[in-house]
Protein chains: 2
Amino acid sequence: MYTMIFFDIDGTLLTEEKELPKTTKLAIKELKEKGHQVAIATGRAPFMFKDLREELKIDTYVSFNGQYVVANGEVIYKNPLHKETLKSLVEFAEAKQHGLVFMDHEDMRASIEFDPYIEESIGTLKFAHPKHDISYCEDREIYQSLLFCKDDVEHDYIVTYQDSFTFVRWHPVSTDILPVGGSKAIGIAKMLQHFNVLPDQVYAFGDGLNDVEMLSFVGNSVAMGNAHEEAKRVSKHVTKHVAEDGILHGLHLVGLLK
Amino acid sequence: MYTMIFFDIDGTLLTEEKELPKTTKLAIKELKEKGHQVAIATGRAPFMFKDLREELKIDTYVSFNGQYVVANGEVIYKNPLHKETLKSLVEFAEAKQHGLVFMDHEDMRASIEFDPYIEESIGTLKFAHPKHDISYCEDREIYQSLLFCKDDVEHDYIVTYQDSFTFVRWHPVSTDILPVGGSKAIGIAKMLQHFNVLPDQVYAFGDGLNDVEMLSFVGNSVAMGNAHEEAKRVSKHVTKHVAEDGILHGLHLVGLLK
């Protein structure tokens, strides 16, 4: 039987120090040798995990929390932010002097020359402050935007744009902007339609709040030991901490490896 | 081939005046005679559409926006609000003198004796002000809670409880409280696992913001002519207005009826 296994990246494949445990790398190799389809499901943009894809030889993935889905190297689903509404939000943020970053599958650009909040939060992902180019959001399809402000001033954005965008805070000074209704689960659903696989034959490993839909959706869900309480609550299984061979242990737990 | 068709209630099966168009009733009868599985996917509590289920002879449904799923009369999935966190929110709302309503599959109760906001908003659903019983949320599993306040004071709740609950405003003085990550799409996924059906064989009709995940998820999506722009944007097809035989027209559009 054809089985698909989805892995989140941060906190699941990679440790807090952004390291890939040796046992995880070997386990993924073994899954592929058994004929399983191994895939990634992440909130990251495709250009932000290119090295990892190459290291693991994976070319099937859900990126941008479900907004950009690639099967065997081929794009099968795209759900960019609505261009006119994003344009309106850019002006809204300009008036408040809040910075934005626009991301497509290839790269990212900032709406302002320099913003300490951008440097601080993007820095934790080991990326430099993106170049300044406000026209980036007009020339290209943007799958995710990042807004830079503290949560006490985020409210105006939510109230104004809640019909089009979902705001997901990932850092004290930054929040992700996604199309409303988007999640990794929707991206996985597109994948199952593409490969003709039932949710029952699908496994998912994750740890974050943005994994909750995915872990609820698939037939076989495994939360990491280091996972958020909500991710553990909706999962069938809870494995060990990512830094304690949690992936290998979890694959034993669900019987995919022996 | 086994096909499942999900219908939202308000604005999809029922018009704004809460009437079921004759053509819709006949179309559903015909779908069932053809051997298709007809189901409901709604934000309502089960006790709020009992009459409609009986009128349409449907006993398979996703209720509470995915938190309570019934297949052929049998409960196959439940995802109640986390009890301890809800208890904390009850105290939080008490301190602010905001009313709450607690809903399970059978009934609902209010946290306070009388609140004009409760009467006003629950009234639009043609229900009376629920009885006062704050212990209801402790004695039973609550699948959805309603908070009564305007959106300018909702922010404190979102910031405090965003890791556990999702807040979905449905009325100027009321907002739904759901478990984080919950949506009709998750409920439908549980249904497909139960019936062993692929997303490709699934049809969904809807009109609201709470239909966006479901319409993104299923293989064959139809937005009503009266649908929210985002619901139309993610759907494969757009049919006529609910009051202009939109369901019958949509079923022709996707080829389920001739």
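Residues numbered from 1 in each chain as written. Chains lettered and ligands numbered in written order. Predicted model: local features only at pLDDT ≥ 70, side-chain atom pairs only at ≥ 80, totals over all residues. Heavy atoms only, no water.

- The name given to chain A in an unreviewed UniProt entry is Cof-type HAD-IIB family hydrolase, and the organism recorded there is Anaerobacillus alkaliphilus.

1. Looking at the relation of the copies chain B and chain A
- The operation relating chain B to chain A is a screw motion whose rotation component is 180°, with 0.0 Å of axial translation and a residual RMSD of 0.0 Å. Read as a symmetry element, the transformation amounts to a two-fold axis.
- When you check the interface residues of chain B against chain A, 100% turn up at the interface there too, and the contact is symmetric in its surfaces. (Least-squares fit on C-alpha atoms with pLDDT ≥ 70 in both. Contact = heavy atoms within 4.5 Å.)

2. Quick word on the nonpolar core
- One finds Phe 6, Phe 7 and Phe 217 of chain A together with Phe 6, Phe 7 and Phe 217 of chain B to be the most contacted residues of the largest nonpolar core, which totals 138 residues.
- Beyond its immediate stretch of four places on either side in the chain, Phe 7 of chain A contacts Leu 13, Ile 28, Leu 31, Val 38, Ala 39, Ile 40, Ala 41, Phe 205, Ile 247 and Leu 251 of chain A. (Core = buried A, V, L, I, M, F, W, Y, C linked by side-chain atoms within 4.5 Å. Buried < 20%, exposed > 50% of the residue type's maximum accessible area, 1.4 Å probe, protein only.)

3. Some remarks on the side chain of His 171 of chain B
- By the element assignment, His 171 of chain B lies in strand 9 (residues 165-171).
- Once you skip the residues sitting within four places of it in the chain, His 171 of chain B turns out to touch Glu 120, Ser 121 and Thr 124 of chain B. (Helix = DSSP H or I, 4+ residues; strand = E, 2+ residues; numbered from the N terminus.)

4. Things to note about the domain arrangement of chain A
All names here are of chain A.
- When the domains of chain A are assigned, the result is domain 1 (4-78 + 182-253) and domain 2 (83-179).
- With 12 residues of domain 1 in contact, the opposing surface of domain 2 contributes 15 residues.
- For the pair domain 1 and domain 2, the interface holds 1 salt bridge.
- Note that Glu 141 is salt-bridged to Lys 78, the shortest N-O span being 3.4 Å.
- Summed over the shared surface of domain 1 and domain 2, the result is 3 residue pairs in polar contact (both at pLDDT 80 or more).
- Looking at the side of domain 1 that touches domain 2 residue by residue, the class counts come to 6 nonpolar, 4 polar and 2 charged. (Domains from an automatic or database assignment. Salt bridge = Lys/Arg side-chain N within 4 Å of Asp/Glu carboxyl O. Polar contact = N/O pair within 3.5 Å; in protein donor to acceptor, adjacent residues only side chain to side chain. Nonpolar A, V, L, I, M, F, W, Y, C, P; charged D, E, K, R; others polar.)

5. Quick notes on empty space enclosed by the protein
- Tallying each qualifying case throughout the model produces 1 cavity of 30 Å³ or more.
- By volume, the largest cavity amounts to about 50 Å³.
- Forming the boundary of the largest cavity are Gly 66, Gln 67, Tyr 77, Asn 79, Val 180, Gly 181, Gly 182 and Ile 186 of chain A together with Val 212, Ser 216 and Val 234 of chain B.
- Along the lines of polarity and charge, the residues of the lining of the largest cavity split into 5 nonpolar, 6 polar and no charged. (1 Å grid on protein atoms, 1.4 Å probe; cavity = no way out; pocket = protein on both sides within 12 Å on 5 of 7 lines; lining within 4 Å. Points joined across faces, edges and corners; volume = space filled by probe spheres on them.)

6. Quick look at the environment of Phe 205 of chain A
Residue and element names in this part refer to chain A.
- Within the secondary structure, Phe 205 is located in strand 11 (residues 202-206).
- The buried category is assigned to Phe 205, whose relative accessible area is 0%.
- Spatially, the C-alpha atom of Phe 205 lies 6.9 Å from that of Thr 12, the residues being 193 residues apart in sequence.
- Leave out the neighbours within four places in its chain, and Phe 205 touches Ile 5, Phe 6, Phe 7, Asp 8, Thr 12, Met 214, Leu 215, Val 222, Met 224, Ile 247, Gly 250 and Leu 251.

7. Brief notes about the interface of chain B and chain A
- Opposite the 32 residues of chain B that make contact, chain A presents 32 residues.
- Of the roughly 2,900 Å² buried at the junction of chain B and chain A (both faces included), carbon and sulfur atoms supply 57%.
- Summed over the shared surface of chain B and chain A, the result is 0 salt bridges.
- The tally of links between chain B and chain A comes to 10 residue pairs in polar contact (both at pLDDT 80 or more).
- Of all elements in the fold, only helix 6 (155-161), helix 7 (184-195), helix 8 (212-217) and helix 9 (229-234) of chain B reach the threshold of two or more residues within the side of chain B that touches chain A. (Buried area = accessible area lost by both parts, 1.4 Å probe.)

8. Quick look at the pairing of strand 11 of chain A
Residues and elements named next belong to chain A.
- Within strand 11, 5 of the 5 residues are buried, which leaves the element mostly enclosed by the surrounding structure.
- Neither face of strand 11 is exposed, since Val 202, Ala 204 and Gly 206 on one face and Tyr 203 and Phe 205 on the opposite face are all buried.
- Pairing between strand 1 (residues 4-7) and strand 11: 4 bridges, direction parallel. Counterpart to Ile 5 in the pairing with strand 11 is Tyr 203.
- Relative to strand 12 (residues 220-223), strand 11 runs parallel, the two being bridged by 4 bridges. Of the residues in strand 12, the one forming a bridge with Gly 206 is Ala 223.
- Crossover strand 11 to strand 12 through helix 8 (residues 212-217) is right-handed. (Pairing = 2+ DSSP bridges. Right-handed = clockwise from strand over helix to strand, strands pointing away.)

9. Things to note about the sheet that holds strand 7 (residues 108-110) of chain A
Residue and element names in this part refer to chain A.
- Spatial ordering of the open sheet is given by 7-6-8-10-9, a layout of 5 strands whose pairing is antiparallel. The strands lining the two open edges of the sheet, one partner per strand, are strand 7 and strand 9 (165-171). When the angles between neighbouring strand axes are averaged without regard to direction, this sheet yields 25°.
- The sheet strands contacting helix 4 (residues 116-123) are strand 6 (99-103), strand 7, strand 8 (144-148), strand 9 and strand 10 (174-179), and the helix crosses strand 8 at an angle near 120°. (Axes fitted to C-alpha atoms, helices over the stretch in contact; angles between N-to-C directions.)

10. Re the state of the cysteines
- Scanning all chains against the criterion turns up 0 disulfides over all chains.
- Residue Cys 137 of chain A stays outside any disulfide, its sulfur separated by 17 Å from that of Cys 149 of chain A, the closest cysteine. (Disulfide = S-S within 2.5 Å.)

11. Brief notes about unusual backbone geometry
Residue and element names in this part refer to chain B.
- Although it is not a glycine, Gln 97 adopts a positive phi angle of roughly 55°.
- Of note, Asn 196 is a non-glycine position whose phi angle comes to about 60°, a positive value.
- Structurally, the position occupied by Asn 196 is in the loop between helix 7 and strand 11 (202-206).
- Looking at Asn 196, the relative accessible area reads 48%, which means it is partly exposed.

12. Things to note about helix 10 (residues 246-253) of chain A
Residue and element names in this part refer to chain A.
- Within helix 10, the full set of buried residues consists of Gly 246, Ile 247, Gly 250 and Leu 251. Buried residues of helix 10, viewed axially, fall in a sector of 130°; they line one side.
- In this structure, the buried residues of helix 10 make contact with strand 1, helix 1 (22-33), strand 11 and strand 12.
- In the segment just after helix 10, Gly 255 is the residue with positive phi, at about 85°. (Arc of directions from axis to C-beta.)

13. Looking at the pairing of strand 8 (residues 144-148) of chain B
All names here are of chain B.
- Most of strand 8 sits out of view: 5 of its 5 residues are buried.
- Neither face of strand 8 is exposed, since Gln 144, Leu 146 and Phe 148 on one face and Ser 145 and Leu 147 on the opposite face are all buried.
- In this sheet, strand 8 lies alongside strand 6 (residues 99-103) in antiparallel orientation, the contact comprising 5 bridges. Its bridge partner being in strand 8, Leu 100 is matched across the sheet by Leu 147.

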